[in-house]
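Analysis of the macromolecular model
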Amino acid sequence: MSPVDDLLEKIKRSIVNMEDQQAVEFTRKALENHPAEEILNQALIPAMEMVGNEYEQGRKFIPEMLLAAEAMTAALELLKPALARADIKKAGKVVMGTVEGDVHDIGQRMVCIMLEGAGFEVHSLGADVPADDFIQAVKTRNPDILGLSALLTTTAPRMKGVIEGLQKQGLRDKVKVMVGGAVLNQRLADEYGADGYAPDAAAAARLARALMETTRS
Ligand code: B1M
(Lines give C-alpha, C1' and ligand atoms only; values in the text may rest on other atoms or scores of the structure.)
Protein backbone atom coordinates (compact mmCIF):
# COMPACT_ATOMS: atom_id res chain seq x y z
CA MET A 1 0.00 0.00 0.00
CA SER A 2 1.39 3.44 -0.93
CA PRO A 3 1.86 6.03 1.87
CA VAL A 4 -1.12 7.94 0.43
CA ASP A 5 -3.47 4.96 0.39
CA ASP A 6 -2.21 4.16 3.87
CA LEU A 7 -3.17 7.65 5.13
CA LEU A 8 -6.62 7.48 3.51
CA GLU A 9 -7.11 4.05 5.06
CA LYS A 10 -6.10 5.46 8.47
CA ILE A 11 -8.65 8.30 8.13
CA LYS A 12 -11.36 5.77 7.24
CA ARG A 13 -10.46 3.54 10.16
CA SER A 14 -10.40 6.43 12.67
CA ILE A 15 -13.89 7.56 11.60
CA VAL A 16 -15.30 4.03 11.76
CA ASN A 17 -13.61 3.62 15.16
CA MET A 18 -15.06 6.99 16.32
CA GLU A 19 -11.60 8.51 17.01
CA ASP A 20 -12.11 12.16 16.16
CA GLN A 21 -8.64 13.41 17.14
CA GLN A 22 -6.95 10.79 14.99
CA ALA A 23 -9.33 11.46 12.10
CA VAL A 24 -8.36 15.14 12.26
CA GLU A 25 -4.64 14.41 12.60
CA PHE A 26 -4.55 12.03 9.61
CA THR A 27 -6.73 14.37 7.53
CA ARG A 28 -4.35 17.27 8.25
CA LYS A 29 -1.39 15.11 7.14
CA ALA A 30 -3.23 13.94 4.02
CA LEU A 31 -4.02 17.56 3.06
CA GLU A 32 -0.29 18.30 2.80
CA ASN A 33 -0.08 16.25 -0.39
CA HIS A 34 -3.63 15.55 -1.52
CA PRO A 35 -6.58 17.38 -2.95
CA ALA A 36 -9.43 17.74 -0.46
CA GLU A 37 -11.83 16.21 -2.99
CA GLU A 38 -9.78 13.00 -3.09
CA ILE A 39 -9.76 12.78 0.72
CA LEU A 40 -13.52 13.38 0.78
CA ASN A 41 -14.33 10.82 -1.91
CA GLN A 42 -11.82 8.14 -0.96
CA ALA A 43 -11.85 8.34 2.83
CA LEU A 44 -14.69 10.34 4.44
CA ILE A 45 -17.58 9.21 2.24
CA PRO A 46 -16.60 5.50 2.22
CA ALA A 47 -16.07 5.68 6.01
CA MET A 48 -19.59 6.98 6.63
CA GLU A 49 -20.97 4.40 4.19
CA MET A 50 -19.20 1.70 6.22
CA VAL A 51 -20.64 3.17 9.45
CA GLY A 52 -24.12 3.30 7.89
CA ASN A 53 -23.83 -0.33 6.74
CA GLU A 54 -22.66 -1.46 10.17
CA TYR A 55 -25.64 0.37 11.74
CA GLU A 56 -28.08 -1.24 9.30
CA GLN A 57 -26.59 -4.67 10.07
CA GLY A 58 -26.96 -4.09 13.82
CA ARG A 59 -23.16 -4.01 14.34
CA LYS A 60 -23.18 -0.35 15.43
CA PHE A 61 -25.74 1.43 17.58
CA ILE A 62 -27.01 5.01 17.63
CA PRO A 63 -24.48 6.44 20.14
CA GLU A 64 -21.63 4.91 18.11
CA MET A 65 -23.08 6.23 14.88
CA LEU A 66 -23.25 9.72 16.41
CA LEU A 67 -19.63 9.52 17.60
CA ALA A 68 -18.50 8.34 14.16
CA ALA A 69 -20.52 11.18 12.62
CA GLU A 70 -18.71 13.62 14.94
CA ALA A 71 -15.32 12.26 13.86
CA MET A 72 -16.35 12.61 10.22
CA THR A 73 -17.59 16.19 10.85
CA ALA A 74 -14.31 17.12 12.53
CA ALA A 75 -12.35 15.86 9.51
CA LEU A 76 -14.82 17.50 7.10
CA GLU A 77 -14.32 20.89 8.83
CA LEU A 78 -10.61 20.72 7.86
CA LEU A 79 -11.50 19.98 4.24
CA LYS A 80 -14.19 22.67 3.89
CA PRO A 81 -11.94 25.67 3.02
CA ALA A 82 -10.07 23.66 0.39
CA LEU A 83 -13.32 22.23 -1.01
CA ALA A 84 -14.80 25.71 -1.32
CA ARG A 85 -11.64 26.96 -3.10
CA ALA A 86 -11.62 24.00 -5.45
CA ASP A 87 -15.15 24.93 -6.54
CA ILE A 88 -16.05 21.28 -6.68
CA LYS A 89 -19.25 20.51 -8.48
CA LYS A 90 -21.69 19.67 -5.72
CA ALA A 91 -23.82 16.54 -5.87
CA GLY A 92 -26.85 18.82 -5.38
CA LYS A 93 -28.41 21.25 -2.92
CA VAL A 94 -30.62 20.14 -0.03
CA VAL A 95 -32.77 22.15 2.40
CA MET A 96 -33.58 20.09 5.48
CA GLY A 97 -35.63 20.50 8.64
CA THR A 98 -37.83 18.86 11.27
CA VAL A 99 -41.50 19.80 10.88
CA GLU A 100 -43.39 22.23 13.11
CA GLY A 101 -44.20 21.09 16.65
CA ASP A 102 -41.34 18.60 16.68
CA VAL A 103 -38.05 19.39 18.44
CA HIS A 104 -36.28 16.10 17.63
CA ASP A 105 -33.21 17.01 15.59
CA ILE A 106 -30.53 14.41 16.33
CA GLY A 107 -31.46 12.08 13.45
CA GLN A 108 -31.91 15.00 11.09
CA ARG A 109 -28.44 16.28 11.93
CA MET A 110 -27.03 12.86 11.15
CA VAL A 111 -28.81 12.87 7.81
CA CYS A 112 -27.32 16.32 7.08
CA ILE A 113 -23.82 15.04 7.89
CA MET A 114 -24.25 11.99 5.65
CA LEU A 115 -25.51 14.21 2.84
CA GLU A 116 -22.56 16.60 3.25
CA GLY A 117 -20.27 13.58 3.25
CA ALA A 118 -21.92 12.46 0.01
CA GLY A 119 -21.04 15.84 -1.54
CA PHE A 120 -24.33 17.71 -1.15
CA GLU A 121 -24.59 21.37 -0.13
CA VAL A 122 -26.91 21.21 2.87
CA HIS A 123 -28.89 24.00 4.56
CA SER A 124 -30.56 22.89 7.78
CA LEU A 125 -33.47 24.99 9.03
CA GLY A 126 -33.27 23.16 12.36
CA ALA A 127 -36.27 21.75 14.20
CA ASP A 128 -39.86 22.92 14.80
CA VAL A 129 -39.95 24.53 11.35
CA PRO A 130 -43.31 25.99 10.18
CA ALA A 131 -44.53 24.96 6.70
CA ASP A 132 -44.19 28.55 5.47
CA ASP A 133 -40.48 28.60 6.38
CA PHE A 134 -39.87 25.46 4.29
CA ILE A 135 -41.72 27.04 1.37
CA GLN A 136 -39.83 30.30 1.76
CA ALA A 137 -36.52 28.39 1.81
CA VAL A 138 -37.46 26.56 -1.41
CA LYS A 139 -38.15 29.96 -3.01
CA THR A 140 -34.99 31.67 -1.83
CA ARG A 141 -32.43 28.84 -1.80
CA ASN A 142 -33.73 26.95 -4.83
CA PRO A 143 -32.70 23.47 -3.57
CA ASP A 144 -32.83 20.28 -5.66
CA ILE A 145 -34.19 18.38 -2.66
CA LEU A 146 -36.30 19.34 0.36
CA GLY A 147 -35.81 16.96 3.31
CA LEU A 148 -38.51 16.70 5.98
CA SER A 149 -37.98 14.87 9.26
CA ALA A 150 -40.51 13.95 11.99
CA LEU A 151 -40.27 11.77 15.09
CA LEU A 152 -43.78 12.11 16.48
CA THR A 153 -46.98 10.46 15.29
CA THR A 154 -48.70 13.81 15.86
CA THR A 155 -46.26 15.87 13.76
CA ALA A 156 -45.58 13.54 10.78
CA PRO A 157 -48.85 14.59 9.02
CA ARG A 158 -47.45 18.17 8.86
CA MET A 159 -45.31 16.90 5.98
CA LYS A 160 -48.47 16.66 3.89
CA GLY A 161 -49.16 20.32 4.69
CA VAL A 162 -45.69 21.35 3.50
CA ILE A 163 -46.09 19.41 0.24
CA GLU A 164 -49.57 20.88 -0.35
CA GLY A 165 -48.15 24.34 0.34
CA LEU A 166 -45.49 23.76 -2.34
CA GLN A 167 -48.23 22.71 -4.76
CA LYS A 168 -50.33 25.80 -4.01
CA GLN A 169 -47.33 28.06 -4.66
CA GLY A 170 -46.52 26.31 -7.96
CA LEU A 171 -43.21 25.03 -6.54
CA ARG A 172 -43.87 21.29 -6.35
CA ASP A 173 -42.26 20.47 -9.73
CA LYS A 174 -39.13 22.46 -8.85
CA VAL A 175 -38.02 20.33 -5.89
CA LYS A 176 -37.90 16.66 -4.91
CA VAL A 177 -39.23 15.97 -1.42
CA MET A 178 -37.72 13.23 0.72
CA VAL A 179 -39.04 12.30 4.13
CA GLY A 180 -37.81 10.30 7.11
CA GLY A 181 -37.89 9.87 10.86
CA ALA A 182 -38.76 7.02 13.18
CA VAL A 183 -42.54 7.22 12.65
CA LEU A 184 -42.34 7.39 8.85
CA ASN A 185 -42.61 4.56 6.36
CA GLN A 186 -43.05 4.20 2.61
CA ARG A 187 -46.84 4.03 2.89
CA LEU A 188 -47.01 7.37 4.76
CA ALA A 189 -44.47 8.92 2.38
CA ASP A 190 -46.75 7.95 -0.54
CA GLU A 191 -49.82 9.20 1.30
CA TYR A 192 -48.19 12.59 1.95
CA GLY A 193 -47.10 12.88 -1.70
CA ALA A 194 -43.32 12.70 -1.10
CA ASP A 195 -40.87 11.59 -3.80
CA GLY A 196 -38.97 9.27 -1.49
CA TYR A 197 -38.59 7.85 2.00
CA ALA A 198 -35.39 6.76 3.74
CA PRO A 199 -35.33 4.79 7.00
CA ASP A 200 -31.87 6.00 8.12
CA ALA A 201 -29.07 8.44 7.37
CA ALA A 202 -27.11 6.11 5.09
CA ALA A 203 -30.25 5.29 3.11
CA ALA A 204 -31.04 9.03 2.95
CA ALA A 205 -27.71 9.73 1.21
CA ARG A 206 -28.40 6.94 -1.29
CA LEU A 207 -31.94 8.20 -1.87
CA ALA A 208 -30.73 11.77 -2.43
CA ARG A 209 -28.28 10.55 -5.07
CA ALA A 210 -31.06 8.54 -6.75
CA LEU A 211 -33.42 11.55 -6.69
CA MET A 212 -30.69 13.65 -8.35
CA GLU A 213 -30.48 11.05 -11.13
CA THR A 214 -34.22 11.39 -11.78
CA THR A 215 -33.82 15.20 -11.81
CA ARG A 216 -31.09 14.98 -14.45
CA SER A 217 -32.76 12.34 -16.68
CO1 B1M B 1 -38.80 12.28 22.28
N2 B1M B 1 -40.05 10.89 21.64
N3 B1M B 1 -40.32 13.34 22.89
N4 B1M B 1 -37.45 13.48 22.93
N5 B1M B 1 -37.55 10.93 21.89
C6 B1M B 1 -39.46 9.75 20.95
C7 B1M B 1 -39.39 10.01 19.45
C8 B1M B 1 -40.46 8.59 21.33
C9 B1M B 1 -40.49 7.44 20.33
C10 B1M B 1 -40.14 8.10 22.77
C11 B1M B 1 -41.13 7.07 23.25
O12 B1M B 1 -42.18 7.42 23.71
N13 B1M B 1 -40.79 5.80 23.12
C14 B1M B 1 -41.82 9.38 21.44
C15 B1M B 1 -42.64 9.50 20.16
C16 B1M B 1 -43.84 8.59 20.14
C17 B1M B 1 -44.61 8.82 18.91
O18 B1M B 1 -45.10 9.88 18.65
N19 B1M B 1 -44.76 7.76 18.14
C20 B1M B 1 -41.32 10.72 21.96
C21 B1M B 1 -42.11 11.66 22.66
C22 B1M B 1 -43.53 11.23 22.94
C23 B1M B 1 -41.64 12.92 23.06
C24 B1M B 1 -42.40 14.01 23.83
C25 B1M B 1 -43.85 14.24 23.40
C26 B1M B 1 -42.27 13.62 25.31
C27 B1M B 1 -43.08 14.52 26.24
O28 B1M B 1 -42.75 15.66 26.40
N29 B1M B 1 -44.13 13.94 26.76
C30 B1M B 1 -41.53 15.25 23.58
C31 B1M B 1 -41.97 16.00 22.32
C32 B1M B 1 -41.28 17.31 22.15
C33 B1M B 1 -41.61 17.89 20.81
O34 B1M B 1 -40.98 17.54 19.85
N35 B1M B 1 -42.60 18.78 20.77
C36 B1M B 1 -40.18 14.62 23.37
C37 B1M B 1 -38.98 15.26 23.66
C38 B1M B 1 -37.72 14.71 23.49
C39 B1M B 1 -36.43 15.38 23.93
C40 B1M B 1 -36.42 16.89 23.79
C41 B1M B 1 -36.19 15.03 25.40
C42 B1M B 1 -35.35 14.60 23.08
C43 B1M B 1 -35.04 15.26 21.73
C44 B1M B 1 -33.72 16.02 21.74
C45 B1M B 1 -33.31 16.44 20.36
O46 B1M B 1 -33.59 15.80 19.35
N47 B1M B 1 -32.63 17.56 20.30
C48 B1M B 1 -36.11 13.30 22.79
C49 B1M B 1 -35.48 12.10 22.40
C50 B1M B 1 -33.96 12.10 22.42
C51 B1M B 1 -36.22 10.95 22.00
C52 B1M B 1 -35.68 9.56 21.68
C53 B1M B 1 -35.27 8.92 23.02
C54 B1M B 1 -34.51 9.46 20.73
C55 B1M B 1 -34.71 10.16 19.39
C56 B1M B 1 -33.39 10.19 18.66
O57 B1M B 1 -32.68 11.18 18.67
N58 B1M B 1 -33.00 9.03 18.09
C59 B1M B 1 -36.95 8.87 21.03
C60 B1M B 1 -37.09 7.40 21.40
C61 B1M B 1 -36.28 6.54 20.48
O62 B1M B 1 -36.22 6.80 19.29
N63 B1M B 1 -35.75 5.50 21.03
C64 B1M B 1 -38.05 9.79 21.40
C65 B1M B 1 -31.68 8.89 17.45
C66 B1M B 1 -31.75 9.31 15.99
C67 B1M B 1 -30.38 9.03 15.36
O68 B1M B 1 -32.71 8.51 15.33
O69 B1M B 1 -34.24 10.49 15.00
O70 B1M B 1 -34.98 8.14 14.32
P71 B1M B 1 -33.91 9.16 14.49
O72 B1M B 1 -33.25 9.42 13.05
C73 B1M B 1 -32.85 8.38 12.20
C74 B1M B 1 -33.96 7.93 11.22
O75 B1M B 1 -35.26 8.11 11.72
C76 B1M B 1 -33.65 8.67 9.98
O77 B1M B 1 -32.23 8.78 9.99
C78 B1M B 1 -31.78 9.00 11.32
C79 B1M B 1 -30.41 8.41 11.48
O80 B1M B 1 -30.34 7.07 11.05
N81 B1M B 1 -34.19 10.00 9.72
C82 B1M B 1 -34.35 10.43 8.44
C83 B1M B 1 -34.54 10.99 10.55
N84 B1M B 1 -34.91 12.06 9.86
C85 B1M B 1 -34.80 11.76 8.55
C86 B1M B 1 -35.05 12.51 7.41
C87 B1M B 1 -34.83 11.91 6.17
C88 B1M B 1 -34.39 10.58 6.07
C89 B1M B 1 -34.13 9.84 7.21
O90 B1M B 1 -35.05 12.52 5.01
C91 B1M B 1 -35.42 13.87 5.04
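Predicted model only: the values in this text are computed from it and were never measured.

As a further point, take the overall build of the chain. The number of helices and strands found in the chain is 9 helices and 5 strands. What you see in the chain, going N to C, is helices and strands ordered as α-α-α-α-β-α-β-α-β-α-β-α-β-α. Counting only C-alpha atoms and orienting by the principal axes, one finds that the chain spans roughly 55 × 35 × 30 Å. Counting every position in the chain, which comprises 217 residues, the buried fraction comes to 47%. Here the chain displays about 10700 Å² of accessible surface, and carbon together with sulfur accounts for 50% of that area.

In space, the 5 strands of this open sheet follow the order 2-1-3-4-5, with parallel pairing throughout. Edge positions in the sheet fall to strand 2 (120-124) and strand 5 (196-197), since each of these pairs with one other strand and no more. Strand contacts of helix 6 (residues 131-141): strand 1 (92-98), strand 2 and strand 3 (145-149), with the helix running at about 165° to strand 1, the strand carrying the most contacts.

As a further point, take the coordination of the cobalt atom of the ligand. Coordination of the cobalt atom of the ligand by the protein comes from a single atom, His104 (NE2), at 2.2 Å. Mapped onto the elements, His104 comes out in the loop between strand 1 and helix 5 (106-117).

Turning our attention to the site of the ligand. If you check the shell around the ligand, you find 28 residues, and the closest are Val103, His104, Asp105, Ser149 and Thr153. Gly101 is positioned with one of its backbone polar atoms (N or O) 2.9 Å from a nitrogen atom of the ligand. Note that a nitrogen atom of the ligand is positioned 3.5 Å from one of the backbone N or O atoms of Gly181. Going through the elements one at a time, helix 5, strand 3, strand 4 (176-180) and helix 9 (201-216) are the ones with two or more residues in the shell around the ligand.

Considering the arrangement of structural elements, one finds Ala210 in helix 9. For Ala210 and Glu164, which are 46 residues apart along the polypeptide, the C-alpha to C-alpha distance reads 23 Å.

On to unusual backbone geometry. Peptide bonds are trans in most cases, and residues, glycine excluded, mostly fall at negative phi. With a phi close to 65°, Met18 is a non-glycine residue in the positive phi region. Even without being glycine, Asn142 reaches a positive phi, approximately 50°. Note that Asn142 resides in the loop between helix 6 and strand 3. Residue Asn142 is classed as exposed on the basis of its relative accessible area, which comes to 52%.

Moving on, we get to helix 6. The complete set of buried residues in helix 6 reads Phe134, Ile135, Ala137 and Val138. For helix 6, the angular spread of buried residues about the axis comes to 160°, placing them on one side. Opposite the buried face of helix 6, at more than 90 degrees from it, the exposed residues are Asp132 and Thr140. In this fold, the buried residues of helix 6 make contact with strand 1, strand 3 and helix 7 (158-168).

Rules used in this analysis
- Residues numbered from 1 in each chain as written.
- Predicted model: local features only at pLDDT ≥ 70, side-chain atom pairs only at ≥ 80, totals over all residues.
- Heavy atoms only, no water.
- Helix = DSSP H or I, 4+ residues; strand = E, 2+ residues; numbered from the N terminus.
- Buried < 20%, exposed > 50% of the residue type's maximum accessible area, 1.4 Å probe, protein only.
- Areas by Shrake-Rupley, 256 points an atom, 1.4 Å probe, with all protein chains shown as cover.
- Pairing = 2+ DSSP bridges.
- Contact = heavy atoms within 4.5 Å.
- Axes fitted to C-alpha atoms, helices over the stretch in contact; angles between N-to-C directions.
- Donors = N, O, S within 2.8 Å, 3.2 Å for Na, K, Ca; no water.
- Near = heavy atom within 4 Å.
- Polar contact = N/O pair within 3.5 Å; in protein donor to acceptor, adjacent residues only side chain to side chain.
- Arc of directions from axis to C-beta.

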